[in-house]
Structure formats: structure tokens, C-alpha cells
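# Descriptive structure summary
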Amino acid sequence: MKNFLNVLKGVHDSKLSSLTIPSLPKEFVLKSVHDSNIDPHIVTHFYPKSPISEQYLRLRESIKNLNKSGDLKTVAVTSSVAEEGKTITALNLAIAMTKDVDCRKVLLVDCDLRRGQVAPRLDLHSKAGLSEYLMLGADVDNILYKTKIDKLTIIPRGKIADNPVELLASAKMKDLMKKLKEKFDFIILDSPPLVPVADAGIVCSVADGVIMAVRAGGTQRGIVKHATELLLQSHSNLLGYILTNVEYHIPEYLYRYV
Ligand SMILES: Nc1ncnc2c1ncn2[C@@H]1O[C@H](COP(=O)(O)OP(=O)(O)O)[C@@H](O)[C@H]1O
Ligand SMILES: [Mg+2]
């Protein structure tokens, strides 16, 4: 893992300290969590005192430390390819943000107009969202949905769009971001992957900062390097990488405090 991060260092000097998110214990996922239809991967909600949740709090604090000047209000979560844990990271980071006493209103926007799954993971279904807003124009308030999680609002993906690149690159998207920044204390953009589609670079370029998820043991270094180049070409502000799904055992005694 150390070598992996060293390779990345040559590509981009990380502003965030490298963070690892352990893979989720099977018993967490299998357990029916309080009969709720919220995705059990959202550990910050179901298991706020677990070592994994602590890692998300660390990520929150790292972002806050970078935000001394106050101009890091929107952060996009992206990755090289699909299934690297972007959405799970975005959801857990959003909930970690809601627990910050200084953060009163947190918004998570599903900017994956092709396969976005933010709403169903929070048990919200068939809602008009970002694609309708960008296609048809609407009142912003009509696409903001309160969730079962206190202080967390989302904008769902909406209908699958035929032209996601054009929609996300439109002036309307930039204008929407401006409006949202006035309404919320912190905004997270869940993005599609960088390598297969052009959408991600566009989403990342409208954010103040970008976190790149890398699936440990899954994504090849060359692909991550390529994705980083794509991201930098889009003039996005890459804050750093987080390794997801890392297999390691955390000895119980280290966490006696929590
Ligand atoms: N920390 C984790 N531990 C175990 N599995 C995970 C973890 N994060 C994500 N996954 C698995 O990876 C799948 C893809 O995650 P997701 O966040 O939807 O990826 P992406 O948004 O990058 O496509 C999830 O459905 C889940 O099964
Ligand atoms: Mg996703």
C-alpha cells in the first residue's frame, strides 16, 4: 500500500493526507439494520462509533483543515472506474459532515446522470432530480429532498439523461452550483468514473475540490495515473486520494475509547 501511494505522489502532490477506508465487515452488511431500507454500507449512520466511521470523521477533518480560507465548500468524489466506492464514500462523508456542530445544512448531489444510486440507497425512490432541472428548468427547491438523516438533503439523479455531458457542462449547472452554495454549508457531489465517460471531469471542474477513491487491490496503478491526468486536464483541484475497501484488521484495544 505504501508503494502504491508513493507511485501516486509522483503524479500529484496530495493536499489531503492519504486515508484508508477498511472493507466493511460482512456482519455489518448482512445484518438487517433496524428494519430500515437505508443501505447498510452507510456505517456513519448505523455504526457511528465503529473504526470505519472514525475514518470518515478523519476525512471530514482533513477537508476542514484544508478549508481555512473558507473557499472549499463543494467537494466532488470521483474515481477511475466504476465500483470503487465513490457513492458509499460520498454518503458517509455527507453524514460525517452533518455531525459537525458548525455545519447546519449538508447537501449531497447525485451527479452520475447515467447510473446514480444516491436516492435509493437512502430509501428515496423515483424522484425528479438533477437531470430534470438541467433539461427542463425548475425551481431549485423542487429537487431538494430531505432524508431520514438529520441535516442531510439530497438532489437525486433524476431520469437517466441521453446527453449527460452537455447537461453537466451547461451554464445552468454552474448557475445551480452558485445557488446551492448560498443555501448549504457544505455540498458533496457524487460523480461518475473518470476513465469511461467525460462527465466526471466536468463535475469535478465545477467543484472547489476533488477526492479520488481508489479501490485497494482492485484498480491498477496505470489506470489511476491515467484518471489523474484526465482530472488535471479538466482543471480540477485534486485534493488527494483515499483507498477504499482496504483489508486490514484493527485490533480491538486501539478502539477502547470509542
Ligand atoms: N467500505 C466498503 N466495504 C465493502 N464493500 C464496499 C465498501 N464500499 C463499497 N463497497 C462495495 O462496492 C460496491 C460499489 O460501491 P459504490 O460506492 O456504489 O461504487 P461506485 O460509486 O464507485 O461505483 C458497493 O455496492 C459495495 O458492495
Ligand atoms: Mg456511484
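For the structure, check the block above.
Residues numbered from 1 in each chain as written. Chains lettered and ligands numbered in written order. Predicted model: local features only at pLDDT ≥ 70, side-chain atom pairs only at ≥ 80, totals over all residues. Heavy atoms only, no water.

## So, the overall build of the protein chain
The condition that has to hold: A run of DSSP states H or I qualifies as a helix once it reaches four residues; a run of E qualifies as a strand once it reaches two. Both are numbered from the N-terminal end. Here the Shrake-Rupley method, with its probe set to 1.4 Å, supplies the accessible areas, and only the displayed protein chains count as covering residues.
Helix and strand counts for the protein chain come out as 11 helices and 8 strands. Carbon and sulfur atoms form 50% of the exposed surface of the protein chain, whose accessible area is close to 12,400 Å².

## Structural notes on the nonpolar core
As a rule of thumb, nonpolar side chains are buried together in soluble globular proteins. The criterion, for reference: Working definition of a nonpolar core: buried Ala, Val, Leu, Ile, Met, Phe, Trp, Tyr and Cys residues. They are joined through side-chain atoms within 4.5 Å. Buried means the residue's accessible area, taken with a 1.4 Å probe over protein chains only, is under 20% of the maximum for its type, while exposed means over 50%, and partly exposed covers the values in between. Should any heavy atoms of two residues lie within 4.5 Å, those residues are counted as being in contact.
Counting residues in each nonpolar core, the largest one holds 39 residues, and the members touching the most others are Val109, Leu130, Leu180 and Leu189. Here this core takes 5 residues from helix H10 (residues 199-206), the largest share from any one element. In this view, Val109 contacts Leu130, Ile155, Leu180, Ile187, Ile188, Leu189 and Asp190; residues no more than four positions away in its chain are not counted. By size, the runner-up hydrophobic cluster in this structure holds 38 residues, among which are Ala90, Ala94, Ile149 and Leu152.

## With respect to the side chain of Glu132
We count it as follows: His residues and chain termini do not enter the charge count, which takes Lys and Arg as positive and Asp and Glu as negative. What makes a salt bridge here is a side-chain nitrogen of Lys or Arg within 4 Å of a carboxyl oxygen of Asp or Glu, nothing more. Polar contacts, as counted here, are pairs of nitrogen or oxygen atoms within 3.5 Å of one another; within protein the pair requires one atom able to donate a hydrogen and one able to accept it, and residues that are adjacent in sequence qualify only if both atoms are side-chain atoms.
Following the sequence through the fold, Glu132 ends up in helix H7 (residues 130-136). No salt bridge is formed by the buried Glu132; the nearest opposite charge belongs to Lys159, separated by 6.4 Å. There is a polar contact of 3.1 Å between the side chain of Glu132 and the backbone nitrogen of Lys159. Aside from chain neighbours lying at most four places away, what touches Glu132 is Gly137, Arg157, Gly158 and Lys159.

## Considering unusual backbone geometry
Where the residue is not glycine, phi is negative for most of them; where a peptide bond is considered, it is trans in most cases. Positive phi outside glycine occurs at Ser126, with the angle close to 45°. Within the secondary structure, Ser126 sits in the loop between helix H6 (118-121) and H7. Since its relative accessible area comes to 81%, Ser126 is described here as exposed. Even without glycine at this site, His235 takes up a positive phi of about 60°.

## Describing the state of the cysteines
Let me state the cut-off plainly: Only a pair of cysteine sulfur atoms within 2.5 Å counts as a disulfide in this structure description.
Under the criterion given, the structure shown has 0 disulfides. Counting only cysteine sulfurs, Cys111 is the nearest neighbor of Cys204, a cysteine outside any disulfide, at a range of 9.1 Å.

## A look at the pairing of strand E5 (residues 152-155)
Here is the rule: Strand pairing follows a simple DSSP-based rule, namely that at least 2 bridges must link the two strands.
On E5, burial covers both faces: Leu152 and Ile154 on one face and Thr153 and Ile155 on the other are all buried. Bridge analysis of strand E3 (residues 106-110) against E5 gives 4 bridges, and the strand direction is parallel. Note on E5: the bridge partner recorded for Val109 is Ile155. Linkage of strand E4 (residues 145-146) to E5, two consecutive antiparallel strands, is achieved through a turn of 5 residues, within which Lys151 is found at a positive phi near 75°.

## A short note on the pattern of salt bridges
Taken as a whole, this structure holds 10 salt bridges when the rule is applied. Between Lys64 and Asp100 there is a salt bridge, with the nearest N and O atoms lying 2.8 Å from each other. One end of the pair, Lys64, is in helix H4 (residues 51-66); the other, Asp100, is in the loop between helix H5 (86-98) and E3, with 36 residues separating them in the sequence. Judged by its relative accessible area of 6%, Asp100 falls in the buried class. For Lys148, the salt bridge is made with Asp123, and the minimal N-O distance between the two is 2.7 Å. Taken together, the residues Lys148 in the loop between E4 and E5 and Asp123 in the loop between H6 and H7 connect sequence positions 25 residues apart. Through salt bridges with shared partners, one network takes in Arg60, Glu61, Lys64 and Asp100.

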